[in-house]
Amino acid sequence: MPDSPAVGRRERKKAATRQAIADAALELFLEHGFERASVRDIAERADVSTTTLFAHFPSKEALVFDREEDTEARLVAAVRERPAGQGVVEALRAHALESWVSIASDPRYQRFTALVDQTPALRTYAERMWMRHASALGAVIAEELGREADDLACSALARFVLQVPTLAEGRPDRRAAVETVFDLLIHGWQSSQLGSGDATTGVPG
């Protein structure tokens, strides 16, 4: 049975409140730094109570990564809902080009990454989040390929894919960098031009 209009309005209002809190938090963190901006300051700027803030975000660190659940859901969907006949890696390439490249063009992106890099608590949170995403992605890749949930090759592929944004960071052409990494994942080191020479080390002979 479809949701009633009242339920739809409540969900939209809830999503709007969550976004307002996340936007206020990022603004304050970029203006003053993570440590100096308090939860109370964020709640005041978003015009909500601290109780409401914590109803949407379990911790101060979570305010910085407000799209965490959506990011993981989209990764899983990219694999599980890929078009018939499309390979897993190609599906993830398409997802990376559509999602990650556009995010990097946000004018706040460099300031955001600097904020995370310079804040130990955020780096730790990001590392744990990365591992959760890698675990979820590895599991869905294994499921789609009919392998065990902890299949090593699927886990390794998930981790390689999630390193793509980092590898593309700072490159003059991020899209080309993403394409290069996925070409390597699909075709392999030895079959690429980089792998010419010694088959074990990849060092030209």
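Please refer to the structure higher up on the page.
Only a predicted model underlies this, so the values are computations on that prediction, with no experimental measurement involved.

Conventions adopted
- Residues numbered from 1 in each chain as written.
- Predicted model: local features only at pLDDT ≥ 70, side-chain atom pairs only at ≥ 80, totals over all residues.
- Heavy atoms only, no water.
- Phe/Tyr/Trp six-rings, centres within 6.5 Å; stacked < 30°, edge-to-face > 60°.
- Helix = DSSP H or I, 4+ residues; strand = E, 2+ residues; numbered from the N terminus.
- Lys NZ or Arg CZ within 6 Å of the ring centre and 35° of its normal.
- Contact = heavy atoms within 4.5 Å.
- Axes fitted to C-alpha atoms, helices over the stretch in contact; angles between N-to-C directions.
- Parallel < 35°, antiparallel > 145°, perpendicular 65-115°, else oblique.
- Left-handed = near helix turned anticlockwise from the far one by under 90°.
- Nonpolar A, V, L, I, M, F, W, Y, C, P; charged D, E, K, R; others polar.
- Expected span 1.5 Å × (residues − 1).
- Bend = angle between axes of the 7 residues up to and from the residue.
- Buried < 20%, exposed > 50% of the residue type's maximum accessible area, 1.4 Å probe, protein only.
- Salt bridge = Lys/Arg side-chain N within 4 Å of Asp/Glu carboxyl O.

Undergrad: Looking at this model, I keep getting lost on the packing of aromatic side chains. Mind explaining?
TA: Any two aromatic rings considered together are summarised by their centre-to-centre distance and by the angle between their planes. Applying the stated criterion to the full structure yields 3 aromatic pairs. Ring geometry for F65 and F112: centres 6.1 Å apart, planes at 80 degrees, overall edge-to-face. Of this pair, F65 sits in the loop between α4 (60-64) and α5 (68-80) while F112 sits in helix α7 (residues 109-117); the two residues are 47 residues apart in sequence, bridging distant segments of the chain. Through a chain of ring-to-ring contacts, three or more aromatic side chains come together here, namely F65, F112 and Y125. Here the guanidinium or amino end of K60 rests over the ring plane of F34, the centre of that ring lying 4.6 Å away.

Undergrad: I would appreciate a short explanation of the side chain of R93 in the present structure.
TA: Locating R93 in the fold gives a position in helix α6 (residues 88-104). Non-local contacts of R93, meaning those with residues more than four positions away in its chain, are made with E179, F182, D183 and I186.

Undergrad: Please clarify how the packing of α5 against α6 should be interpreted in this entry.
TA: Packed helix pairs are characterised by how far apart their axes lie and by the angle those axes make with each other. It is at 8 Å that the axes of α5 and α6 come closest, and there the two elements cross at 140 degrees. In this view, α5 runs oblique relative to α6, as classed from their interaxial angle. Handedness of the crossing formed by α5 with α6: right-handed. Here R74, L75, A78 and V79 of α5 come into contact with α6, specifically with V88, A91, L92, H95, S99 and W100. Looking at the contact of α5 with α6 residue by residue, the classes come out as 7 nonpolar, 2 polar and 1 charged.

Undergrad: Help me understand α6 in this model?
TA: The periodicity of an α-helix, 3.6 residues per turn, causes residues three or four places apart in sequence to face the same way. Given a rise of 1.5 Å per residue, 17 residues ought to cover 24 Å, and the 23 Å separating the end C-alpha atoms of α6 matches this to within 8%. The largest bend in α6 comes to about 35 degrees, at A96. Where burial is concerned, most of α6 is hidden: 12 out of the 17 residues are buried. Buried residues along α6 sit in contact with α5, α7, α8 (120-145), α9 (152-162), α10 (164-168) and α11 (174-187).

Undergrad: Would you explain the packing of α6 against α11 in this entry?
TA: Running from N to C, α6 and α11 point in directions that differ by 160 degrees, and their axes come no closer than 10 Å. By the angle between their directions, the pair α6 and α11 is classed as roughly antiparallel. Our pair here, α6 against α11, has a crossing hand that is right-handed. Counting all contacts with α6, which are made through V89, E90, L92, R93, A96, L97, V101 and A104, the residues of α11 involved are R174, R175, V178, E179, F182, D183, L185 and I186.

Undergrad: Teacher, can you tell me more about the pattern of salt bridges here?
TA: Pairs can form between side chains of opposite charge once their charged atoms are near each other. A full pass over the atoms with the stated rule returns 9 salt bridges. Here E144 and R82 are joined by a salt bridge, their closest N and O atoms 3.0 Å apart. Here R82 lies in the loop between α5 and α6 and E144 lies in helix α8, a separation of 62 residues in the sequence. By relative accessible area, E144 is classed as partly exposed at 28%. In this structure, R93 and D183 form a salt bridge, with 2.8 Å as the shortest nitrogen-oxygen distance. You can see R93 sitting in helix α6 and its partner D183 sitting in helix α11, a full 90 residues away along the chain. Classification of R93 by relative accessible area gives buried; the value is 9%. Taken together, the shared-partner salt bridges in this structure form one network comprising E90, R93, E179 and D183.

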